[in-house]
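Listed here are the chains, written in short residue letters.
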Amino acid sequence: MKFKDMPYTRPDMKAVEATYKKLTQEQRDAKSAEEAFAVHKKYYEFSDDLGTAFELAMIRHTIDTADEFYDKENDFFDEVSPLISNWDNAYKKVLYESPFRPELEKIIGKVAFKNIEVALKAFDESIIDLMQEENALVSRYDKLIASAKIEFEGETYNLSMMRPFLTDVDRSRRKAAWAAVSAYMESVTVEIDDIYDRLVKNRTEQAHRMGYKDFVELGYYRMGRNCYGREDVENFRKQVKESFMPLVKKIQKNIEQRLEIKDGLKLYDYDVYLKEGSPKPIGTPEEILEKGRRLYHELSTETGVFFDFMMENELFDVLGRKNKQQGGYMTYIPKYKSPFIFANFNGTEGDVDVITHESGHAFQGYIVGNNEEIREFAEIGMETAEIHSMSMEYFTEPWMEMFFGDRADDYRTLHLESGISFIPYGCMVDEFQHIVYSHPEMSPAERKETWKKLEHIYRPHIDFDGSIMEEAYWQRQGHIFQVPFYYIDYVLASVCALQFAVRMKEDYKGAWADYLKLCGMSAKDFYVNMLPQCGLNVPFADGTVDALTVALSKRI
Ligand SMILES: [Zn+2]
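Values in this document were obtained by computation on a predicted structure and should not be read as measured data. (Residues numbered from 1 in each chain as written. Predicted model: local features only at pLDDT ≥ 70, side-chain atom pairs only at ≥ 80, totals over all residues. Heavy atoms only, no water.)

## Describing a negative patch on the surface
Piece 1. A contiguous patch of negative charge on the surface is contributed by Asp-29, Glu-34, Glu-35 and Glu-103.
Piece 2. The topology assignment puts Glu-34 in helix H2 (residues 33–63).
Piece 3. Classification of Glu-34 as exposed rests on a relative accessible area of 61%. (Patch = residues over 30% accessible without salt bridge, like charges linked within 9 Å, V, L, I, M, F, W, Y side chains within 5 Å. Areas by Shrake-Rupley, 256 points an atom, 1.4 Å probe, with all protein chains shown as cover. Salt bridge = Lys/Arg side-chain N within 4 Å of Asp/Glu carboxyl O. Lys, Arg positive; Asp, Glu negative; His and termini not counted. Charge placed at Lys NZ, Arg CZ, Asp CG, Glu CD. Helix = DSSP H or I, 4+ residues; strand = E, 2+ residues; numbered from the N terminus. Buried < 20%, exposed > 50% of the residue type's maximum accessible area, 1.4 Å probe, protein only.)

Below, the structure is given as structure tokens:
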């Protein structure tokens, strides 16, 4: 069904509550594993309907924020979502405690039950007041950042609008842009320190109320991590520090040469890879989508069928328009087994990411939705989800001439070098949070000192040239405030995507077959078990980073 024809009606909350209670009771009364699963299938159908209404309201609100009808529907879901989660948890708790659990585990999987266990460990009614305060603090941070007014070249910009100037081809222009951003950060750094201090204390109190030693443990449960802990992640960061840094240094040397920089790389050279700047895609948005269709038909039968489905059912909304929300996302509409991709094309290489990265997410959602009736198989963690999308970026690289013409090689250089350089930065964001939440008593000044020390370990090549960013760079990184411990998932996924990138040079077909396998497995097994079955080394296992560094060194 075309997206525009998908019918929406607001769920009747009295009926929703009654159905949840009925299903919960039926699950409790089930007399056999068959009966328990039959109830669970009714739950699938019910939650598909509810989830579909939610997705349609949310998507239609973001594609036109001035639409009064969907604005109200979006508010409605904001209001009722906590109630729905509460009823949903109650149902899942009964399922988790089912006497038929061994039989049910054979059908819906061990991972599903582990996930319920982790979700139960992540939440308790006793912390609701703290969670409300936490949400308010995060909103305060978001508002502060969104309302930034930065004067630059006679105009006023917010932080995200400043981004193109920070990597401008003209060095003096990007130096001035960084000076403007640094001045802004100096003006708000005390307030951000205060917000973060309150967040750290609040989250620590949540952990204590639930009986945990510190927030690190609770933070991992909140992220739904079901098969690895802080020691594993620590071992991963240790490997990055020991093995990976020389590779990053080599990239920095390449950049210095390419940009003909004689006085060393400065803060304002960070994230600049090419003297000519980033390549821009050729063609209108419609042409870019049409190129995407050709690409996916040439890549494989499965991807061709997927892309046609997306186009036929108008599941891309990628053109920038007035009243459309900023940013981009991929989501999934369960009842119609339809992924949906939202973006704002702006003529930069980011538009091609929609065809590669977001479509990687959508392709995986499409495969699982069509092949599996067990909904839990689709419940992947972010460390897994980002492998699907980031790997697709590399699998589609051979087609980049279609988008960038004679600058395709530039795109591939930029993509690989920025992908590698991201890894130490991501580790730094993660290590910072581990230190902060293990020592909640630290003062804001001590936190800044901690960040500065980490900069010298993970990005020793950057000369901050006196900017406050040396101690406050993290204050622009929203994840640190919004979703603690999330950031490392991108890094773990990068390490897997880079393993595919290495392998596909020698054996594209074999690498692709394993990628398809990984997409199909989805959440049928635990992350650490699944990777080796798909030809990938687990990022935190000893030797993984070392082997990857050796392989990548040949290409840098
Ligand atoms: Zn993604």
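## Thoughts on the coordination of the zinc ion
Piece 1. Every protein donor of the zinc ion is listed here as His-357 (NE2), His-361 (NE2), Glu-386 (OE) and Glu-386 (OE), and their distances to the metal cover 2.1 to 2.5 Å.
Piece 2. With four donor atoms in place around the zinc ion and angles of 53 to 140° between them, the coordination shape is irregular.
Piece 3. In primary-sequence terms, the residues that donate to the zinc ion follow H-x3-H-x24-E. Pair noted here: His-357 and His-361 are both in helix H13 (residues 350–371), with a separation of four residues, about one helical turn.
Piece 4. The exposure class assigned to His-357 is buried, which follows from its relative accessible area of 14%.
Piece 5. The exposure class of His-361 is buried, given its relative accessible area of 14%. (Donors = N, O, S within 2.8 Å, 3.2 Å for Na, K, Ca; no water. Tetrahedral: all angles 85-135°; square planar, octahedral: opposite > 155°, others 65-115°.)

## Concerning empty space enclosed by the protein
Piece 1. Per the counting criterion, the structure on display carries three cavities of 30 Å³ or more.
Piece 2. Considering the residues around the largest cavity, the lining is formed by Gln-252, Ile-255, Asp-269, Tyr-270, Asp-271, Val-272, Tyr-273 and Ser-421.
Piece 3. Residue composition of the lining of the largest cavity, grouped by class: four nonpolar, two polar and two charged. (1 Å grid on protein atoms, 1.4 Å probe; cavity = no way out; pocket = protein on both sides within 12 Å on 5 of 7 lines; lining within 4 Å. Points joined across faces, edges and corners; volume = space filled by probe spheres on them. Nonpolar A, V, L, I, M, F, W, Y, C, P; charged D, E, K, R; others polar.)

## Notes on the packing of helix H20 (residues 488–506) against helix H23 (residues 544–553)
Piece 1. The geometry of H20 relative to H23 is characterised by a closest axis approach of 10 Å and an angle of 40° between their N-to-C directions. Looking at the two axes, H20 sits oblique to H23. For the crossing formed where H20 meets H23, the hand is left-handed. Residues Val-495, Leu-498, Gln-499 and Val-502 of H20 form the contact with H23, whose participating residues are Thr-544, Leu-548, Ala-551 and Leu-552.
Piece 2. Each residue belonging to the contact of H20 with H23 can be placed in one class, and the counts come to six nonpolar, two polar and no charged. (Axes fitted to C-alpha atoms, helices over the stretch in contact; angles between N-to-C directions. Parallel < 35°, antiparallel > 145°, perpendicular 65-115°, else oblique. Left-handed = near helix turned anticlockwise from the far one by under 90°. Contact = heavy atoms within 4.5 Å.)

## Regarding the pattern of salt bridges
Piece 1. Under the definition given, this model contains 49 salt bridges.
Piece 2. Asp-269 is the partner of Arg-174 in a salt bridge, and the nearest nitrogen-oxygen pair spans 2.8 Å. Taken together, the positions of Arg-174 in helix H8 (residues 171–209) and Asp-269 in the loop between helix H10 (230–258) and helix H11 (285–299) put the pair 95 residues apart, joining distant regions of the chain.
Piece 3. Of the residues examined, Asp-269 reaches a relative accessible area of 3% and is grouped as buried.
Piece 4. What emerges from the salt-bridge pattern is a single network uniting Arg-140, Glu-191, Asp-194 and Arg-198.

## Re the nonpolar core
Piece 1. Counting 192 residues, the largest nonpolar core has Tyr-196, Phe-236 and Ile-420 as its most contacted members.
Piece 2. Discounting chain neighbours no more than four positions away, the residues touching Tyr-196 are Phe-432, Gln-433, Val-436, Tyr-437, Arg-447, Trp-474, Ile-480 and Phe-481. (Core = buried A, V, L, I, M, F, W, Y, C linked by side-chain atoms within 4.5 Å.)

These figures capture arrangement, not role.
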